[in-house]
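# Chain and residue survey
Read off the chains here:
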Number of protein chains: 2
Amino acid sequence: MKIKICTIGRLKEKFLIDGVNEYLKRIKPFAKVEVAEIPECRTLEEEGAKLLAQVLRESFVIVLDVAGETLSSENFAEKIAALNLHGVSEITFIIGGAFGLSDEVRRAANFRLSFSPMTFTHQFARLILVEQIYRAFKIIRGEPYHY
Amino acid sequence: MKIKICTIGRLKEKFLIDGVNEYLKRIKPFAKVEVAEIPECRTLEEEGAKLLAQVLRESFVIVLDVAGETLSSENFAEKIAALNLHGVSEITFIIGGAFGLSDEVRRAANFRLSFSPMTFTHQFARLILVEQIYRAFKIIRGEPYHY
């Protein structure tokens, strides 16, 4: 399975860069992960269009959205396992930028995922996402989570 | 206002240490924060007793619990502001260890807070907590959140 994470802008804080890289390394045995960083644009719509330009037609699109659906880590893992079973070869996660999500991006979502009713920066959300993807693969494999 | 964070064990990952320290530094202008790290014990009950031994009688106790109540960041900020208004001088946050929370700790909670139905390690939860405390103070002050 391939996982693509489409984001706006480079990570600025060193601890976030280190944390995200650590989880990307841990995910490697389970999936091929690609991170696309779109430079910040002047408008939400422009950012949205550039994010969507990264999405392959056959990809299942999960948009991170505070107003989306919350899932337990177990249900998130089941969702990924079920997509894999149904022959989905790639999941694309989209994280909007500082301004949020354009309507076009929301409409393109096959699933809108909310981590929490709490707000996180889009940079912090990237760290939570890779941690939960790693956790999902550990759950799918029935392996203990040591970290 | 004083904030005390009672946790089990030392942070193991460098990016978590760096991230937590970064937010503790940012919280400093708003509140006095103390982190108490209880060494891991052999039983949940022992850990619980040692965590509770850290709690001052007049403190308002918020226990992090995946089965607790979720709040938006704005409501979390309102909660902190309201406690302050009502003369609460200290809020104690308790994060259980790898084995979870003892019943005694759950019973001692004035409020049980859940970040998400998703599971995080207790170490990762500490990072989310300090980020949300920092965010809460920025919301209370009406200051923009740049990070």
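Residues numbered from 1 in each chain as written. Chains lettered and ligands numbered in written order. Predicted model: local features only at pLDDT ≥ 70, side-chain atom pairs only at ≥ 80, totals over all residues. Heavy atoms only, no water.

## Examining the pairing of strand β4 (residues 90-94) of chain A
Residue and element names in this part refer to chain A. In terms of residue burial, β4 counts as a mostly covered element, since five of its five residues are buried. Burial of β4 is two-sided: the residues Glu90, Thr92 and Ile94 facing one way and the residues Ile91 and Phe93 facing the other way are all buried. Pairing between strand β1 (residues 2-8) and β4: five bridges, direction parallel. Each residue of the ladder has a partner; that of Cys6, found in β4, is Ile94. The pairing of strand β3 (residues 60-70) with β4 spans four bridges and is parallel. Residue pairing for β4: Val63 is matched across the bridge by Ile94. (Buried < 20%, exposed > 50% of the residue type's maximum accessible area, 1.4 Å probe, protein only. Helix = DSSP H or I, 4+ residues; strand = E, 2+ residues; numbered from the N terminus. Pairing = 2+ DSSP bridges.)

## A word on the relation of the copies chain B and chain A
For the pair chain B and chain A, the superposition axis carries a translation of 0.0 Å, the fit reaches an RMSD of 0.0 Å, and the rotation angle comes to 180 degrees. Given the turn and translation reported, the copies of this chain are related as if by a two-fold rotation axis. The overlap is high: 100% of the interface residues of chain B also sit at the interface in chain A, so the same surface is used on both sides. (Least-squares fit on C-alpha atoms with pLDDT ≥ 70 in both. Contact = heavy atoms within 4.5 Å.)

## Things to note about the confidence of the model for chain A
Overall, the predicted model of chain A reaches an average pLDDT of 95, with 99% of residues at or above 70. Across the interfaces of the predicted complex, the ipTM metric reaches 0.92, alongside a pTM of 0.95. (pLDDT = per-residue confidence, 0-100.)

## Re the sheet that holds strand β3 (residues 60-70) of chain B
Residue and element names in this part refer to chain B. Spatial strand order, β2-β1-β4-β3-β5: five strands in an open sheet with parallel pairing. At either margin of the open sheet sits one strand with a lone partner, and together these are β2 (32-38) and β5 (111-114). On average, adjacent strands in this sheet sit at an angle of 30 degrees to one another, irrespective of strand direction. Along the sheet, helix α5 (residues 122-141) contacts β1 (2-8), β2, β3 and β4 (90-94); its crossing angle with β1, the most-contacted strand, is approximately 170 degrees. (Axes fitted to C-alpha atoms, helices over the stretch in contact; angles between N-to-C directions.)

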